[in-house]
Amino acid sequence: MEEDLRRIVQEISDRSEQLLSATSDRKKGESLRSLEAASAQLERLMARLDPVAEPQNVFDPSAPATAGRIAALALVAQPVWAMDEIDEFYGSGIYAIYYSGGFGAYKPIAGTNHPIYVGKSDPEDAGAETPREQGLKLFGRIREHSKSIKASSNLDIADFGCRFLVVQSGYQFAAESHLIRLFKPIWNREIRVAYGIGKHGDSASTRANKRSPWDTLHPGRNWADKTKEDQQEFDQILGRIREHFKKNPPRKGISEIVHSFLTEMRQF
């Protein structure tokens, strides 16, 4: 242990001299990285020598990741609203969309508390402090999705519900990321399964991209139907959905979801 300590201290000293005497940016960068590595070794060694143990987890309520987890849990505690019956409200934040219809590929999550899509809306002003200052951003985002679902030829808006939560400006990013990691919703682009509902209309003549998997599964949006090519074939998308649910069994009940949150909270 003493030999390790002397070696590391000597290495830090040597690297410090090399950094101070370096004449090029490349040499300075190399010396700085070596110094940082040696310093990290010293910190680990000092922790081993300390007779008092460091805590395994530290809860920092101000950390974005912590606030994101709490906001995500608070979202799950909200009531589910019929998606087509949400009145205008101020605020930006997070939301989750749920499906209860008969589209065969979605049977594993139909009528459960496992969302088919989660998302966020950013405030009109990043520094907004009140829901009124944030604008109608969250309501507007949900309304956009409602329009897309209504335009589809094989989905019924009556089969969709939504939970939503207005959050303090800035925390919507971490909350959405946590929801995506937890649920891996098949309509989210990050999951790469049946994404595309979030796409906005544009002219097929001015864009080179192909029809999204969502629009292939659920045709009806005029601007998307004008595109002649699919990113993936219909049956290929259905296969990806089946494989996804095999690898990622849905969390169907509230108790199961809360248990997942509590398990992650132990990692703070």
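If you're wondering where the values come from, they're calculated on a predicted model, not measured in any experiment.

## So, the environment of Val 76
In step 1: Looking at the secondary structure, you find Val 76 in helix 3 (residues 64–76).
In step 2: Taking the C-alpha atoms as reference, Val 76 lies 7.3 Å from Arg 163; in sequence the two are 87 residues apart.
In step 3: Non-local contacts of Val 76, meaning those with residues more than four positions away in its chain, are made with Arg 163, Phe 183, Ile 254, Ile 257 and Phe 261.

## Observations concerning a negative patch on the surface
In step 1: Residues Glu 124, Asp 125, Glu 129 and Glu 133 make up a contiguous surface patch of negative charge.
In step 2: Mapped onto the fold, Glu 129 is located in the loop between strand 3 (117–121) and helix 4 (131–134).
In step 3: When its relative accessible area of 72% is taken as the criterion, Glu 129 is described as exposed.

## A closer look at the packing of aromatic side chains
In step 1: Tallied over the full model, the rule gives ten aromatic pairs.
In step 2: With 5.4 Å between their ring centres and 85 degrees between their planes, Tyr 99 and Tyr 106 make a pair best called edge-to-face.
In step 3: On the accessibility criterion, Tyr 99 (3% relative accessible area) is buried.
In step 4: The interplanar angle of 40 degrees and the centroid separation of 4.8 Å between the aromatic rings of Phe 103 and Tyr 106 together place this pair among those described as tilted. Across this residue pair, the class does not change: Phe 103 and Tyr 106 are buried.
In step 5: By way of ring pairs, the aromatic residues Tyr 99, Phe 103, Tyr 106, Phe 160, Trp 187 and Trp 214 are connected into one cluster.
In step 6: One cation-aromatic arrangement involves Arg 192 over Tyr 195; the distance from NZ or CZ to the ring centre is 4.4 Å.

## Remarks on the pairing of strand 3
In step 1: The element strand 3 is largely enclosed, with a buried count of four among its five residues.
In step 2: Across five bridges, strand 2 (residues 93–99) lies against strand 3 in antiparallel orientation. Along strand 3, the bridge assignment pairs Ile 97 with Tyr 117.

## Points about the nonpolar core
In step 1: Of all hydrophobic cores here, the largest spans 50 residues; its most connected members are Tyr 106, Ile 116, Ile 142, Trp 187 and Ile 241.
In step 2: Among the elements that take part in this core, strand 2 stands out by supplying six residues, more than any other.
In step 3: When neighbours within four sequence positions are excluded, Ile 142 is seen to be in contact with Met 83, Ile 86, Phe 89, Tyr 95, Cys 162 and Phe 164.

## Comments concerning helix 6 (residues 172–183)
In step 1: Helix length check: helix 6, at twelve residues, gives a terminal C-alpha distance of 16 Å against a target of 16 Å (1.5 Å per residue), a fit within 8%.
In step 2: Burial of helix 6 is extensive: nine of the twelve residues sit out of reach of the surface.
In step 3: Along helix 6, the residues classified as buried are Gln 172, Ala 174, Ala 175, Glu 176, His 178, Leu 179, Ile 180, Leu 182 and Phe 183.
In step 4: Structurally, helix 6 contributes buried residues whose contacts are with helix 3, strand 2, strand 3 and helix 10 (254–265).
In step 5: Phi turns positive, to about 45 degrees, at Lys 184, one or two residues after helix 6.

Scoring rules and cut-offs
Residues numbered from 1 in each chain as written. Predicted model: local features only at pLDDT ≥ 70, side-chain atom pairs only at ≥ 80, totals over all residues. Heavy atoms only, no water. Helix = DSSP H or I, 4+ residues; strand = E, 2+ residues; numbered from the N terminus. Contact = heavy atoms within 4.5 Å. Patch = residues over 30% accessible without salt bridge, like charges linked within 9 Å, V, L, I, M, F, W, Y side chains within 5 Å. Areas by Shrake-Rupley, 256 points an atom, 1.4 Å probe, with all protein chains shown as cover. Salt bridge = Lys/Arg side-chain N within 4 Å of Asp/Glu carboxyl O. Lys, Arg positive; Asp, Glu negative; His and termini not counted. Charge placed at Lys NZ, Arg CZ, Asp CG, Glu CD. Buried < 20%, exposed > 50% of the residue type's maximum accessible area, 1.4 Å probe, protein only. Phe/Tyr/Trp six-rings, centres within 6.5 Å; stacked < 30°, edge-to-face > 60°. Lys NZ or Arg CZ within 6 Å of the ring centre and 35° of its normal. Pairing = 2+ DSSP bridges. Core = buried A, V, L, I, M, F, W, Y, C linked by side-chain atoms within 4.5 Å. Expected span 1.5 Å × (residues − 1).

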